[in-house]
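Each chain, written out:
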Amino acid sequence: MTLDATITDGLRWTVVCPYPRLEPERGVAALVDGEQVALFRTYDGALYAIGQRDPIAGAYVMARGIVGTRGDIPTVASPLHKQVYDLRTGECLDVPGVAVPTYRVRCRAGLVEVATPAVSRPMADVGGAR
Amino acid sequence: MRSEKTSGRLVVVGNGMVGQRFVEALRSRDTAGRWQVTVLGEEARPAYDRVRLSAFFDGVSAEELNLHRPDDGVDLRLGEPALAIDRDRRVVRTGAGEYRYDALVLATGSYPFVPPIDGVYVDAGPDAPGPTPRLRPGVFVYRTLDDLAAIRDFAKGRRTGVVIGGGLLGLEAANALRLLGLGTHVVEFAPRLMPMQVDEAGGAMLRRYVEELGVTPHLGVATTAVRSRPDGGLAGLTLSDGGWLPADLVVVAAGIRPRDELARAAGLELGERGGVRVDTTCRSTTDERIWAVGECAAVEGVCYGLVAPGYAMAEVVADRLVGGTARFPGADTSTKLKLLGVDVASFGDAHGRSPGSLDVTFVDPATRVYAKLVLSDDAKTLLGGVLVGDVTAYPTLRASVGGPLPGPPLALLAPSGDGTGTGAGIAALPGSAQVCSCNAVTKDQLVGAIAEGCRDVPALKECTRAGTSCGSCVPMLKQLLADSGVPLSKALCEHFDHSRQELFDIIRVRGITSFSRLVAEHGRGRGCDICKPVVASILASLGNGYVLDGEQASLQDTNDHFLANIQRDGTYSVVPRIPGGEITPEKLIVIGEVARDFNLYTKITGGQRIDLFGARVEQLPKIWKRLVDAGFESGHAYGKALRTVKSCVGSTWCRYGVQDSVGLAIALELRYRGLRAPHKIKAAVSGCARECAEARSKDFGIIATERGWNLYVGGNGGFRPRHAELFAADLSTEELVRYVDRFLMFYIRTADRLQRTAAWIEALDGGLDHLRSVIVDDALGLCAELDAAMARHVESYTDEWRETLADPDRLRRFTSFVNAPDVPDPSITFEVERGQPVPARPDRRPVALGLPTRMGVTN
Ligand SMILES: Cc1cc2nc3c(=O)[nH]c(=O)nc-3n(C[C@H](O)[C@H](O)[C@H](O)COP(=O)(O)OP(=O)(O)OC[C@H]3O[C@@H](n4cnc5c(N)ncnc54)[C@H](O)[C@@H]3O)c2cc1C
Ligand code: SF4
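Residues numbered from 1 in each chain as written. Chains lettered and ligands numbered in written order. Predicted model: local features only at pLDDT ≥ 70, side-chain atom pairs only at ≥ 80, totals over all residues. Heavy atoms only, no water.

**Section: the overall build of chain B**
Secondary structure assignment for chain B yields 27 helices and 39 strands. Considering only contacts within chain B whose residues lie at least 6 apart along the sequence, 61% involve residues at least 24 apart. Surface exposure of chain B reaches about 37,400 Å², of which carbon and sulfur atoms provide 51%. (Helix = DSSP H or I, 4+ residues; strand = E, 2+ residues; numbered from the N terminus. Contact = heavy atoms within 4.5 Å. Areas by Shrake-Rupley, 256 points an atom, 1.4 Å probe, with all protein chains shown as cover.)

Structural data, given as structure tokens:
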């Protein structure tokens, strides 16, 4: 796999993997610019990228959560303690004030690309391993 | 008018069922703590559920029977019986001192009546020295936990037991002796069993049931003497018809008498048949500072031998002591019980003693159901009745006594078939009808509680106490909830309105094999971490192949997805199967080598295997490869599935063992390995009654007997520990496997998500007995299907690790980063504790016991 990167609109886009490598409703972890990113492809083919670190447990596991929906919101549940996060915004839907960072992600020429830096949310994560 | 005293020193004599209820009732009313309460108890243990006493022989422990709730405001003195009451000085004397009282409540219960049969006592009789005559060794009564423990100990190695008395208590005792493995006889003076409760026809039905269970009744005869052998052991009984009944053990269950000896000595008026005579406020007719509640009280001369009237008295006195005006309303003497596996209920005027009353009887020899209703002369009002064999109609009928019939008599009596038996009945009941007679809770009170927000049976129990004693009204509670329009939501989550069981049936009957189809046709949205694993488990139970194929992969929880257990730092632990806990030295060495080579932390688990911690995702296949090559397979420690069948060493080595527990455990573990279920399933096999494998703490546990295996079901450790209950005794290995097959498959089909077997059995209408009827008697006609489902499971089992290793596509999932598979997750780091790797965490501190941890190391 080539670790390729281009700069567009001031964002650094890194090629991560071919699109078919993502299974529907199952995440994978990627290393982008030294950051751990969890990538998801939902049932309708949409792509999402969020931080791999579970902000509550402090472990890097988010890609291994179960993908689903809450109402119309595409979600992933932390595999450790099952808090549910909005894949679009990174916001935790169960614990107010907790969020994971989100990343822009796109598919170009059959390749999935992730942009850095992350889009930070104004919310703090609860910080550190407990 | 007397002015009521509402504060001061209160002494309660007796910490039995009613004494305890009284103290709770008073304390909940007397919130300001005006009464300073002292409780004197003769027994060494605090109050326990005497009604369920016999459950002791089903393995229910003394702790589980406990009724006592700690209360700092009560001075409880156990093992300190009251010896005398000095009414002039207002003190109660015990061996330890004197207690002053402003009010005194007697709750001393009853003692078992032992008829003056020649030879039951060690000493010659009334002339012998000593305060109370001692029973001859081998002769017992049946009243306290200590009595039962003594019976159990004495029964070891003996063969024949005789119960004197064929009433309620006698039949309970007979069942106990039967469970202890004794050949059991019952001697009853009346011409039928349970003469106080059932009429002749009911008695005849009962007799047939009892005989079939191997208990021999001797009716219409009295015991005239108990005879011993020259060595002091019991020889047997002589009967009034001249017969001789050999016996190693005798239980006298010939009735009870109120314990009124303190009151008698203190000069209080007693009832004509004994008991502390009280008025309808439960106050002594002699001394206004003294009250009596429970079996020792003779309310207007009448004593009650049931707990419900006692509870009502407790409430009356508690109310009076805080200035209330309650009166004892008279009592419901209905009883429902399970005797020797036969349900018997009687209520109201069971014998048709009311003038002009009419009987409607229903006898079905095929199902062996006997039922009788007693109606008023115009056949409009229900007066009472007797039910034998099928008592599902009991709660509705009992609550209807004195009111109009809730339906046509035969419709009420004929078995309902739907298992609820309450039908439209409860809707027809008046609001004042008592639904729970043990705790005197009316329909109105329950409807009120529901209106105030009680949404399920546990909430109703908590808030009204209904259903917390004998439990027979629980179906009515359910019915009330349903009737009240409380949406009893079974919905699994926002994506499905169905319960797990309903989804199971939909998937099975419609042959659905994918989540997408299921959610599209029967749900909404795209699922979540609740419904997806449930559906994955159902698909796996129905034999839909490898759990990680195609879409099924996306349904799995991370543990099932990676076939390992996730840990707090995002690493996994690996548990190879070690069936029955038996392992060769070679295999042990392989596990050690794998752990060493991959730097894994090792720990022996409670399930007799070895857990290897700290593996990264990308290491998992390499670890499995080494293990699989050495002959290991997945232990399914990650799944909601059968975990282990633990065993003791059994007859192969152990000098006590009577069967090969290891062999059976291995066979069972291999049979059920990989079986997906609503929750984890644990099992164990012990080679004899010493129970070294702790089988009774498992979902199914097996204990070897001389004649085969005893099967226990519904135990667990964990958050709310439960002992498994005896399901069937002395089974052959073949029978045992058949029952366990069905038990597991029925559980998998019908349990809720994350419902362990104990809670599942509790929630089944009819509980363990219903389960037995499904599994043993095939009451639902399901057994062939359950058997076939298990056969399919056994046949289609494959090792998930081995399958994963064989498939490059599947292996691809086990990478650290999709774009950098060679870079291990940099966040995972270890430090060393006691010579092993553990997750590095800044806040982790080893446990310090204040002892030197190692030579030369100072802390
Ligand atoms: C095997 C069995 C099955 C039963 N089944 C049922 C049933 O199905 N339904 C039903 O309604 N009832 C049943 N009963 C009856 C029920 O248990 C009693 O009605 C109930 O326990 C009465 O409560 P109590 O507090 O009056 O007496 P108890 O529970 O007997 O308590 C009295 C306590 O007072 C203590 N005591 C006595 N004298 C003194 C003293 N001088 N000083 C200090 N303490 C003293 C005693 O040791 C005892 O602990 C059953 C009883 C038995 C034995
Ligand atoms: S349960 Fe019995 S057979 Fe098994 S180890 Fe203990 S004593 Fe021996």
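**Considering the layout of surface pockets**
Residue and element names in this part refer to chain B. Within this model, the second largest pocket holds a volume of roughly 940 Å³. Listed by contribution, the elements that provide at least two residues to the lining of the second largest pocket are helix H16 (531-541), helix H18 (558-562), strand E29 (565-566), strand E32 (610-615) and strand E33 (642-647). Of the residues forming the lining of the second largest pocket, the biggest block, 5 residues, is contributed by H16. (1 Å grid on protein atoms, 1.4 Å probe; cavity = no way out; pocket = protein on both sides within 12 Å on 5 of 7 lines; lining within 4 Å. Points joined across faces, edges and corners; volume = space filled by probe spheres on them.)

**A closer look at empty space enclosed by the protein**
In the structure shown here, the tally under the stated rule is 2 cavities of 30 Å³ or more. Residue lining of the largest cavity: 22 residues in total, with Gly27, Val28 and Ala29 of chain A together with Arg813 and Thr815 of chain B positioned closest to the centre. Mapped by element, the contributors of at least two residues to the lining of the largest cavity are strand E3 (26-32) of chain A together with H18 of chain B. Counting residues per element, the lining of the largest cavity draws most heavily on E3 of chain A, which supplies 4 residues. Taken together, the residues of the lining of the largest cavity break down into 8 nonpolar, 6 polar and 8 charged. (Nonpolar A, V, L, I, M, F, W, Y, C, P; charged D, E, K, R; others polar.)

**So, the confidence of the model for chain A**
Residues and elements named next belong to chain A. When pLDDT is averaged along chain A, the result is 84; 85% of the residues meet or exceed 70. Strand E5 (residues 47-51) holds the highest mean pLDDT among the elements of chain A, 95, whereas strand E1 (residues 5-8) holds the lowest, 70. Confidence drops under pLDDT 50 across residues 121-130; counting only partners more than four residues distant or on other chains, this segment forms 27 contacts. (pLDDT = per-residue confidence, 0-100.)

**Quick look at the pattern of salt bridges**
Residue and element names in this part refer to chain B. One pass over the full model with this rule turns up 59 salt bridges over all chains. Across the pair Arg259 and Glu261 runs a salt bridge, and its minimum N-O distance is 3.1 Å. A single salt-bridge network, built from bridges that share partners, covers Asp505, Arg508, Arg749 and Glu785. (Salt bridge = Lys/Arg side-chain N within 4 Å of Asp/Glu carboxyl O.)

**A closer look at the sheet that holds strand E19 (residues 290-292) of chain B**
Residue and element names in this part refer to chain B. Read from one edge of the open sheet, 5 strands run E3-E2-E1-E7-E19, paired in parallel fashion. Strands with a single pairing partner mark the edges of an open sheet, and in this sheet they are strand E3 (74-77) and E19. Each strand axis lies, on average, 15° off the axis of its neighbour in the sheet, ignoring direction. Strand direction decides the pairing type here: strand E1 (residues 8-13) and strand E7 (residues 103-106), joined by 4 bridges, are parallel. Bridged to Val12 within E7 is Val105. (Pairing = 2+ DSSP bridges. Axes fitted to C-alpha atoms, helices over the stretch in contact; angles between N-to-C directions.)

**Considering the environment of Ser816 of chain B**
Tracing the sequence through the fold places Ser816 of chain B in the loop between helix H27 (808-811) and strand E38 (830-833). Counting along the chain gives 199 residues from Ser816 of chain B to Val617 of chain B, while the straight-line C-alpha distance between them is 6.4 Å. Here Ser816 of chain B is in contact with Ala29 of chain A together with Glu618, Pro821, Val823, Pro824 and Asp825 of chain B, once residues within four sequence places are set aside. A polar contact is formed between the side chain of Ser816 of chain B and the backbone oxygen of Val823 of chain B, at a distance of 2.6 Å. (Polar contact = N/O pair within 3.5 Å; in protein donor to acceptor, adjacent residues only side chain to side chain.)

**Topic: the site of ligand 1**
Residues and elements named next belong to chain B. Around ligand 1 lies a shell of 28 residues, among which Val18, Glu42, Glu43, Arg143 and Glu295 are the nearest. Taking Val18, its main chain carries an N or O atom lying 2.8 Å from an oxygen atom of ligand 1. Between ligand 1 and Val307 there is a distance of 2.9 Å, counted from an oxygen atom to a backbone nitrogen or oxygen. A total of 980 Å² of accessible area belongs to ligand 1 in isolation, and the protein chains cover 92% of it. Of all the secondary structure elements, the ones that give two or more residues to the shell around ligand 1 are helix H1 (17-29) and helix H4 (168-179). No other element matches the 3 residues that H1 contributes to the shell around ligand 1. Grouping the constituent residues of the shell around ligand 1 by class yields 13 nonpolar, 8 polar and 7 charged. (Near = heavy atom within 4 Å.)

**Some words on the packing of aromatic side chains**
Residues and elements named next belong to chain B. Per the stated rule, a full pass over the model turns up 15 aromatic pairs over all chains. Between Tyr672 and Phe700 the ring centres are 6.0 Å apart and the planes differ by 85°, which places this aromatic pair in the edge-to-face class. Taken as a pair, Tyr672 in helix H21 (residues 661-672) and Phe700 in strand E35 (residues 700-705) lie far apart in primary sequence, 28 residues in all. Residue Tyr672 is classed as buried on the basis of its relative accessible area of 0%. Classification of Phe700 by relative accessible area gives buried; the value is 0%. (Phe/Tyr/Trp six-rings, centres within 6.5 Å; stacked < 30°, edge-to-face > 60°. Buried < 20%, exposed > 50% of the residue type's maximum accessible area, 1.4 Å probe, protein only.)

**Details of the environment of Cys282 of chain B**
You can see Cys282 of chain B is positioned in the loop between strand E18 (276-278) and E19. In this structure Cys282 of chain B touches Trp291, Ala292, Met313, Val316, Val317 and Phe328 of chain B, once residues within four positions along its chain are discounted.

**As for the site of ligand 2**
Every residue close to ligand 2 is listed here: Cys648, Gly650, Cys654, Tyr656, Gly657, Gly687, Cys688, Arg690, Glu691 and Cys692 of chain B. Looking at the shell around ligand 2 residue by residue, the class counts come to 5 nonpolar, 3 polar and 2 charged.

**Describing the interface of chain B and chain A**
Across the contact, 39 residues belong to chain B and 31 residues belong to chain A. Summed over both partners, the interface of chain B with chain A buries about 2,900 Å², with 51% contributed by carbon and sulfur atoms. On the surface where chain B and chain A come into contact, there are 4 salt bridges. Its salt-bridge partner being Glu25 of chain A, residue Arg526 of chain B comes within 2.8 Å of it at the nearest N-O pair. The tally of links from chain B across to chain A stands at 17 residue pairs in polar contact (both at pLDDT 80 or more). Mapped by element, the contributors of at least two residues to the side of chain B that touches chain A are H16, helix H17 (552-555) and H18 of chain B. A breakdown of the residues in the side of chain B that touches chain A according to their chemical character gives 13 nonpolar, 14 polar and 12 charged. (Buried area = accessible area lost by both parts, 1.4 Å probe.)

**Focus: the nonpolar core**
Core analysis: the largest hydrophobic core is formed by 61 residues, its most contacted members being Phe700, Leu711 and Leu771 of chain B. Core analysis: the second largest hydrophobic core is formed by 51 residues, Val13, Phe22, Ala263 and Val276 of chain B among them. (Core = buried A, V, L, I, M, F, W, Y, C linked by side-chain atoms within 4.5 Å.)

**Section: helix H3 (residues 145-155) of chain B**
Residues and elements named next belong to chain B. Buried within H3 are the following residues: Leu145, Asp147, Leu148, Ile151, Phe154 and Ala155. Elements in contact with the buried residues of H3: helix H2 (62-65), strand E9 (139-140), H4 and strand E16 (249-252). One or two steps after H3, the chain reaches Gly157, where phi turns positive at roughly 75°.

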